[in-house]
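Listed below are the residues making up each chain.
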Amino acid sequence: MEDHFIKTQRQIVEELITEYLKLCDIDDKFYQMGITINFKIIRIDNLLDWAMDIIGFPQDTSLSENNTIEGKSFCRDYLLNSTLLDSKSEENQHDTVEEYVEFLYKELEILKKKSPELFL
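This structure is a prediction, so every number in the text was calculated from the model and none was measured. (Residues numbered from 1 in each chain as written. Predicted model: local features only at pLDDT ≥ 70, side-chain atom pairs only at ≥ 80, totals over all residues. Heavy atoms only, no water.)

Chemist: I would appreciate a short explanation of the packing of aromatic side chains in the present structure.
Modeler: Two aromatic rings, taken as a pair, are described by how far apart their centres are and by the angle between their planes. Counted according to the given criterion, the structure contains two aromatic pairs. Centre to centre, the rings of F74 and Y78 are 6.3 Å apart; their planes meet at 85°, and the pair counts as edge-to-face. Taking the relative accessible area as the measure of exposure, F74 reaches 7% and is therefore buried. Seen in terms of ring centroids, Y100 and F103 are 6.1 Å apart; in terms of plane orientation they differ by 25°. Their pairing is stacked. A residue pair is termed a helical-turn pair when its members lie 3 or 4 positions apart in one helix, as Y100 and F103 do in helix 3 (residues 97-114) at three residues. Judged by relative accessible area, which is 0%, Y100 ranks as buried. Residue placement shows K112 over the ring face of F119; its charged tip is 6.0 Å from the ring centre. (Phe/Tyr/Trp six-rings, centres within 6.5 Å; stacked < 30°, edge-to-face > 60°. Buried < 20%, exposed > 50% of the residue type's maximum accessible area, 1.4 Å probe, protein only. Helix = DSSP H or I, 4+ residues; strand = E, 2+ residues; numbered from the N terminus. Lys NZ or Arg CZ within 6 Å of the ring centre and 35° of its normal.)

Here it is, written out as structure tokens:
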């Protein structure tokens, strides 16, 4: 990806997901060697959460009390069912970060049509 002074929203999302994948790969390699890494500053999963936030998905309420925030309920887990993030996933086939990001933007548009109350 080219370095520009100002990046588009999509470029930022792609970079967050790319960095997530890189960190997961590093973590997996260390784990296979018997080394556990505890990221003290951030959780690796925060990168995906930030990407979802930037795209515009509602906040994930699945871990909150009563599974709701301000009376609204939404779980982002289905967005993570991708072969890019989990090779064993049988839900969605994505070979590149760009394909996965395109999927996310399409899912956002579908969600806006199916559940507009989540965006009020």
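Chemist: When you look at the side chain of S82 in this model, what are you seeing that I'm missing?
Modeler: Within the fold, S82 resides in the loop between helix 2 (45-55) and helix 3. Among the polar contacts made by the side chain of S82, one reaches the side chain of H94 at a distance of 2.6 Å. Each residue touching S82, except ones within four places of it in the same chain, is listed here: S89, N92, H94 and Y100. (Polar contact = N/O pair within 3.5 Å; in protein donor to acceptor, adjacent residues only side chain to side chain. Contact = heavy atoms within 4.5 Å.)

Chemist: Honestly, the packing of helix 1 (residues 9-32) against helix 3 in this entry has me stumped. Any pointers?
Modeler: For any two helices packed against each other, the geometry is given by the interaxial angle and the distance between the axes. Orientation of helix 1 relative to helix 3, taken along the N-to-C sense of each, is 120°, at an axis distance of 10 Å. On the basis of the axis angle, helix 1 is oblique to helix 3. Read as a crossing pair, helix 1 and helix 3 show a hand that is right-handed. On helix 3, the residues that touch Q9, R10, V13, E14, I17, T18 and L21 of helix 1 are V97, E98, Y100, V101, E102, L104 and Y105. Each residue belonging to the contact of helix 1 with helix 3 can be placed in one class, and the counts come to eight nonpolar, two polar and four charged. (Axes fitted to C-alpha atoms, helices over the stretch in contact; angles between N-to-C directions. Parallel < 35°, antiparallel > 145°, perpendicular 65-115°, else oblique. Left-handed = near helix turned anticlockwise from the far one by under 90°. Nonpolar A, V, L, I, M, F, W, Y, C, P; charged D, E, K, R; others polar.)

Chemist: What is the right way to read the pattern of salt bridges from this model?
Modeler: Opposite charge on two side chains makes pairing possible when the charged atoms of those side chains draw close. Evaluated as defined, the whole model comprises eight salt bridges. Across the pair E15 and K7 runs a salt bridge, and its minimum N-O distance is 2.6 Å. Judged by its relative accessible area of 25%, K7 is partly exposed. Of the charged contacts, one joins R76 and D49 as a salt bridge, the two residues approaching to 3.9 Å between their closest N and O atoms. Taken together, the residues span a long stretch of sequence, with R76 in the loop between helix 2 and helix 3 and D49 in helix 2 at a distance of 27 residues. In this structure, a network of salt bridges that share partners links the residues D49, D53 and R76. (Salt bridge = Lys/Arg side-chain N within 4 Å of Asp/Glu carboxyl O.)

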